[in-house]
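Per-entry structural report
These are the residues of each chain, in order.
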Amino acid sequence: MFTINAYHNPFLRVNQTSMQAVISLKVDEQLAVGPTPQALAIAMDRSGSMDGAKMSAAREGAIKTVQALDESMVFMVVTFNDSGNVLFGPALATPENKKQAVTALQRVRAANGTRMSAALNLIADKLQHEQSRALKILFLTDGRNEGETRTQLNKAVARCAEAHISISAWGVGTDWDAAELRHIADATHGSADIIPTPGQVEAAFTQTFRDMRKTAISNARLLLWTPNGVRITRIEQVYPSIVQLGLEPDASNPRQVVASLGSFAAGDQRDYLINLEMPAYPVGQQFMLMRPALRFQAGGMQALEEKSARSGWVFVQWTDNAAQAAQIEEHIAHYTNQEELSRSIKEGQEALAAGDSEKATRLLGRALEISERTNNERITRLLNDIVERDARGTIRLSQRADAVARKTLAINTGRTSKLK
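Conventions used here
Residues numbered from 1 in each chain as written. Predicted model: local features only at pLDDT ≥ 70, side-chain atom pairs only at ≥ 80, totals over all residues. Heavy atoms only, no water. Salt bridge = Lys/Arg side-chain N within 4 Å of Asp/Glu carboxyl O. Helix = DSSP H or I, 4+ residues; strand = E, 2+ residues; numbered from the N terminus. Buried < 20%, exposed > 50% of the residue type's maximum accessible area, 1.4 Å probe, protein only. Pairing = 2+ DSSP bridges. Axes fitted to C-alpha atoms, helices over the stretch in contact; angles between N-to-C directions. Contact = heavy atoms within 4.5 Å. Expected span 1.5 Å × (residues − 1).

**Observations concerning the pattern of salt bridges**
Taken as a whole and assessed by the stated rule, the structure comprises 23 salt bridges. For E29, the salt bridge goes to K26, with nearest N and O atoms at 3.2 Å. One salt bridge connects D142 with K54, and the closest N-O pair in it is separated by 2.7 Å. Here the residue D142 occupies a position in the loop between β7 (134-141) and α4 (150-162), and K54 occupies one in helix α1 (residues 53-68), the gap between them amounting to 88 residues. Exposure class is identical for D142 and K54. Each is buried. Connected via shared salt-bridge partners are D250, R295, E305 and K307.

Next comes the structure, spelled out in structure tokens:
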């Protein structure tokens, strides 16, 4: 079901004890498995700031999503302000259950503050036992999480991650915190994006639901075997976005560690940058440092395991040829540039918020140069809304940039391009 490839410089300099490798996973585009059982929770902000057009649009978007569910799916609807409230579910999406949920949604009104963890904890409580299903939260807010500490929100997000619940987090308007929504999404292998106006809520809900229906593989975990003396010190997803991942021991094999990857659709590709440490070996000796495998569920079946072919193994050889050892493999070079791109955007926007136009121009101009050179078309397009070149090629801040443009770039920071 997967194609697994490893990319790295196979030659290490004398006494070198650390290196990087990229592991690329791609699901077969023609993958044919039975439908993956799914459960969807809708978590809808109903704080006072949602009153009016935003609340009306959120209700209608949620109602249209509920009406589109089929009877094989489990669903629930939760609202939150100062507290969380289960409007309906979890239950199968029968016509009668959907009718009851729609009736409850039509009565939702906006009031009071915002405590995001209230909704996430309720959903984790109810869906954590549905591990045979691909679990998804469609999360909508228009503001910052001002009713609780960040620690409380982080704990609720961690509970969702532990229960393998993926969150698609949407911010309506521009008053929400991009860092909060990115954390909610990244920690749960989900997504985050902006809905600039209330009129776009329904389309965003519909697209998220369509993407969810494409899920072919759920609860995927990357198993990384290493020989004695070799240690994996870091792993991060670097395509389609930069996300730091955690590693846990594998109870079935003391030489393996496990990273949770979330769900995949047919044709999906994800790339991971891995840092390794190892003892140095004599010149000319070839050594296998890492061998990946995957555990996952497909089409509602029990957990499957798929081992990598040799194309996914990491072999190295120590050499006294300085030119060979100094080469940087093109995938590693590409994703190192993508990480620099992400840092430049983040620091540039921080400078912009602090009123340091000179620093912001320099950093965002550097980001534009990297995004263009590495064919990151999405980020290039968004940066062109923030900075512009004059006739001489000099970068300057665009006078046309508004809050929507800045927020759209902020929520997309970390989106990467793959090597072409």
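**As for the sheet that holds strand β8 (residues 165-172)**
The mixed open sheet is built from six strands, whose spatial order is β6-β5-β4-β7-β8-β9. Of all strands in the sheet, those bounded by a partner on one side alone are β6 (84-92) and β9 (191-195). Here the average twist between neighbouring strands, direction ignored, is 15°. Here strand β4 (residues 38-45) pairs with β7 via seven bridges, running parallel. Bridging from a neighbouring strand, A39 pairs with L135 of β7. Where helix α2 (residues 95-106) meets the sheet, it contacts β4, β5 (74-80) and β6, and its direction lies at approximately 165° from that of β6.

**Here's the deal with the pairing of strand β14 (residues 253-265)**
For strand β10 (residues 215-225) and β14, the ladder comprises eight bridges, and the chain directions are antiparallel. Its bridge partner being in β14, L223 is matched across the sheet by V258. In this sheet, β14 lies alongside strand β13 (residues 248-250) in antiparallel orientation, the contact comprising three bridges. The residue bridging D250 from the neighbouring strand is N253, located in β14. Two successive antiparallel strands, β13 and β14, enclose a turn made up of two residues.

**Description of unusual backbone geometry**
The linkage connecting G89 with the following residue, P90, adopts the cis geometry, with an omega of 0°. As for its placement among the helices and strands, P90 is situated in strand β6. At the junction of Y239 and P240, the peptide bond is cis and its omega measures out at 10° in the coordinates. When you line up the elements, P240 lands in the loop between β11 (231-239) and β12 (243-245). Phi is positive for N375, which is not a glycine, with a value near 60°. By the element assignment, N375 lies in the loop between α9 (357-373) and α10 (377-383). Here N375 falls in the partly exposed class, since its relative accessible area comes to 40%.

**Examining α1**
Because each turn of an α-helix spans 3.6 residues, side chains separated by three or four positions end up pointing in the same direction. In this model α1 runs 23 Å from its N-terminal to its C-terminal C-alpha over 16 residues, within 8% of the 22 Å that 1.5 Å per residue would give. When α1 is considered as a whole, its buried residues turn out to be K54, M55, A57, A58, R59, G61, A62, I63, T65 and V66. Against β4, β5, α2, β7, β8 and α6 (201-213) lie the buried residues of α1.

**Structural notes on the sheet that holds β11**
With respect to topology, five strands assemble into an open sheet ordered β1-β3-β15-β11-β12, the strand pairing being antiparallel. One side of each edge strand has no neighbouring strand; the edge strands of this open sheet are β1 (2-7) and β12. Taken over all neighbouring pairs, the strand axes of this sheet differ in orientation by 25° on average, direction set aside. With three bridges joining them, β11 and β12 adopt antiparallel strand pairing. Note on β12: the bridge partner recorded for I235 is L245. Relative to strand β3 (residues 18-27), helix α8 (residues 330-353) is tilted by about 90°, and along the sheet it contacts β1, β3, β11 and β15 (269-277).

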